[in-house]
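Reading the structure
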Amino acid sequence: MADELTLEIVTPERMSFAGAVEEVTIPGTEGEFGVLRGHASLLSSVDVGELSFTRDHKKTRYAVNTGYAEVTASKVTVLVETAERSDMIDLERARQAKERAEEKMAKIPKEDADFEKIRLALLRAVTRLNVAGKN
Amino acid sequence: MAALKDIKRKITAVHKTRQITRAMNMVAASKFKAAQTRMENFRPYAVKFMEVLSSLALRVDAKSHPLLAVREPKRIRVICMTSDRGLCGGFNSNLIKATERFIREKMLEGREVELIPVGRKGRDFFRKKTKTINARADVFSRFDMRLAVKISGDVIPPFVGEEYDELYLLYNEFVNVAVHRPSVVRLFPLPSIGREVEIEPDKRLDYIYEPSEEALLEKLLPMYVHVLIYRALVETSAGENGARMVAMDNATRNCEELIQSLTLKYNKVRQSAITAELMDIVGGTEALAKG
């Protein structure tokens, strides 16, 4: 057990996950990074993307929404606004959200203030689909 | 006997009312429980968040961030967070009164005030009286962090764009089931952070920051607004159901008292009717016997 890493995924709604894992991959703003036990202390913001960890050689995937991650040698705390495990994702809803976002995106110019919002919505939907699709 | 029948009808009516208030009490109780769990689940997130934000704020000179910009408060905005539904005692009216007082004070100071009502009760109340913008109603039956993000989306850009200078949030702070305290939180400019939470010395590790401290803070500050708003939403929802629970419990008890006193009255009237009838019969027999 000594070489295990504790991972906590905290969202406003609940503690999504808490337990020992072997490795975590986090979608940081500056790029994806992996964490093993003994990692240097790190504070990084987290983007919309796929967070995954391995436990007993099994990989579990989460689709996460912005937040940040705090890494110390033996513990990783991820605070994100939403976190959905791959098997909990509502595929149909994600697909609809993607279509909606794509439609809206086609209509407005890039300079529009809402463009960024829509881009993020699209990103979230695509991430959800990707994460769920890998099952 | 008309009076007897009337009382009987009244008793039945109060019985039915009691049934309703009792059912509402139970519904409110279960909703309250859910809201309370939500409040508890949110706590670790809020605590962790404050820890990191404070330790970050200590290292960075945050004065430069647009959400911390202090301007002369000429135009202010006020978020008034009420519940969507009534029948919860003085829960909403107390807050609305506090909001009116707050607005009046600010206006006396010569400020221009715009109101952002969240929750149907507040919106309906203020709709015709005050200048309201970005109203949101019917939100509490199902809400999550996204609602807080949406509300922040309404208020952050205009503040950064200097359309107004200060933002206050008025909501019922949850103390316990029966006690809710109308409270005022200043959202913008954000009060200085970092002094609120004592950080344990061993938590102040030297971190690698990715991206830089400044960029991280820039990202975390809007999230801090989300956290504050979400907390108010969760507390309002718990408070509303707690208040309704108490109100309905009182109503049920009042119904019971009413039923008791009405039953007593009913029995008295019935008894006196029987006595009167008996007296009639006795009087009649006596008259017959004499004749």
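Remember, it's a predicted structure, so these values are computed and weren't measured experimentally.

Structural notes on the overall build of chain A
Scanning chain A for helices and strands turns up 2 helices and 10 strands. Secondary structure of chain A in N-to-C order comes out as β-β-β-β-β-β-β-β-β-β-α-α. Across its three principal axes, chain A shows a C-alpha extent of roughly 55 × 30 × 25 Å. Within chain A, buried positions represent 48% of all 135 residues.

Here's the deal with the domain arrangement of chain A
Residues and elements named next belong to chain A. Along its sequence, chain A is carved into domain 1 (5-86) and domain 2 (91-133). Between domain 1 and domain 2, the contact holds 9 residues from the first and 6 residues from the second. Buried surface at the junction of domain 1 and domain 2, summed over both partners, amounts to about 680 Å²; 68% is from carbon and sulfur atoms. At the junction of domain 1 with domain 2, the criterion picks out 1 salt bridge. Connecting domain 1 to domain 2 are 1 residue pair in polar contact (both at pLDDT 80 or more). When residues of the side of domain 1 that touches domain 2 are traced back to their parent elements, those giving at least two are strand E6 (49-55) and strand E7 (58-64).

Some details on unusual backbone geometry
It is generally the case that most residues other than glycine have a negative phi and that most peptide bonds are trans. Here the residue pair Phe188(B) and Pro189(B) is connected by a cis peptide bond, since its omega of -10° sits within 30 degrees of zero. Within the secondary structure, Pro189(B) is located in the loop between strand E4 (180-188) and strand E5 (208-210). The peptide bond linking Glu210(B) to Pro211(B) adopts the cis configuration, its omega dihedral lying at -5°. As for its placement among the helices and strands, Pro211(B) is situated in the loop between E5 and helix H5 (213-290). Positive phi, normally seen in glycine, also occurs at Asp56(A), with a value near 50°. Residue position: Asp56(A) is located in the loop between E6 and E7. The residue Glu162(B) is not glycine, and still its phi comes out positive at about 60°.

As for a nonpolar patch on the surface
A surface patch of nonpolar side chains, amounting to about 280 Å² of accessible area, comprises Ile274(B), Leu278(B) and Ile281(B). Structurally, Leu278(B) is set in helix H5.

As for the packing of helix H1 (residues 91-107) of chain A against helix H2 (residues 113-133) of chain A
All names here are of chain A. Put simply, H1 and H2 touch, their axes get as near as 8 Å, and they point 150° apart. Relative to H2, the element H1 is oriented roughly antiparallel. The hand of the H1/H2 crossing is left-handed. Two secondary-structure elements touch here, H1 through Leu91, Ala94, Arg95, Ala97, Lys98, Ala101, Glu102, Lys104 and Met105 and H2 through Phe115, Ile118, Arg119, Leu122, Ala125, Val126, Arg128, Leu129 and Ala132.

Brief notes about the interface of chain B and chain A
When the parts of a complex come together, some accessible area is lost, and that lost area is often taken as the interface size. Listed per partner, the contact involves 26 residues of chain B and 29 residues of chain A. Buried area between chain B and chain A, summed over both chains or domains, comes out near 2,400 Å², and the portion from carbon and sulfur atoms is 62%. At the boundary of chain B with chain A, the tally comes to 2 salt bridges. A salt bridge links Asp47(A) to Lys219(B), with the nearest nitrogen and oxygen atoms 3.8 Å apart. Scanning the region where chain B abuts chain A turns up 11 residue pairs in polar contact (both at pLDDT 80 or more). Put simply, the parts of the chain that give the side of chain B that touches chain A at least two residues each are helix H1 (2-59), helix H4 (145-160), E5 and H5 of chain B. Looking at the side of chain B that touches chain A element by element, the count peaks at 9 residues for H1(B). Split into classes, the residues belonging to the side of chain B that touches chain A amount to 17 nonpolar, 2 polar and 7 charged.

A word on the sheet that holds E4(B)
All names here are of chain B. Read across the open sheet, the 4 strands follow the order E2-E1-E3-E4; overall the sheet is mixed. Strand pairing shows two members of the sheet lacking a second neighbour, strand E2 (112-118) and E4, which therefore form its edges. Each adjacent strand pair in this sheet contributes to an overall mean axis angle of 25°, direction not counted. Pairing of strand E1 (residues 75-81) with E2 involves 7 bridges; the strand directions are parallel. The partner of Ile76 across the bridge, within E2, is Val113. Against the sheet, helix H2 (residues 91-108) makes contact with E1, E2, strand E3 (166-174) and E4, and its axis sits at roughly 155° relative to E3, the strand it touches most. Against the sheet, H5 makes contact with E1, E2, E3 and E4, and its axis sits at roughly 35° relative to E3, the strand it touches most.

Description of the side chain of Arg61(A)
Mapped onto the elements of the fold, Arg61(A) is located in strand E7. Engagement of the side chain of Arg61(A) in a polar contact is seen with the side chain of Glu50(A), the distance being 3.1 Å.

What counts as what
Residues numbered from 1 in each chain as written. Chains lettered and ligands numbered in written order. Predicted model: local features only at pLDDT ≥ 70, side-chain atom pairs only at ≥ 80, totals over all residues. Heavy atoms only, no water. Helix = DSSP H or I, 4+ residues; strand = E, 2+ residues; numbered from the N terminus. Buried < 20%, exposed > 50% of the residue type's maximum accessible area, 1.4 Å probe, protein only. Domains from an automatic or database assignment. Contact = heavy atoms within 4.5 Å. Buried area = accessible area lost by both parts, 1.4 Å probe. Salt bridge = Lys/Arg side-chain N within 4 Å of Asp/Glu carboxyl O. Polar contact = N/O pair within 3.5 Å; in protein donor to acceptor, adjacent residues only side chain to side chain. Patch = residues over 30% accessible without salt bridge, like charges linked within 9 Å, V, L, I, M, F, W, Y side chains within 5 Å. Areas by Shrake-Rupley, 256 points an atom, 1.4 Å probe, with all protein chains shown as cover. Axes fitted to C-alpha atoms, helices over the stretch in contact; angles between N-to-C directions. Parallel < 35°, antiparallel > 145°, perpendicular 65-115°, else oblique. Left-handed = near helix turned anticlockwise from the far one by under 90°. Nonpolar A, V, L, I, M, F, W, Y, C, P; charged D, E, K, R; others polar. Pairing = 2+ DSSP bridges.

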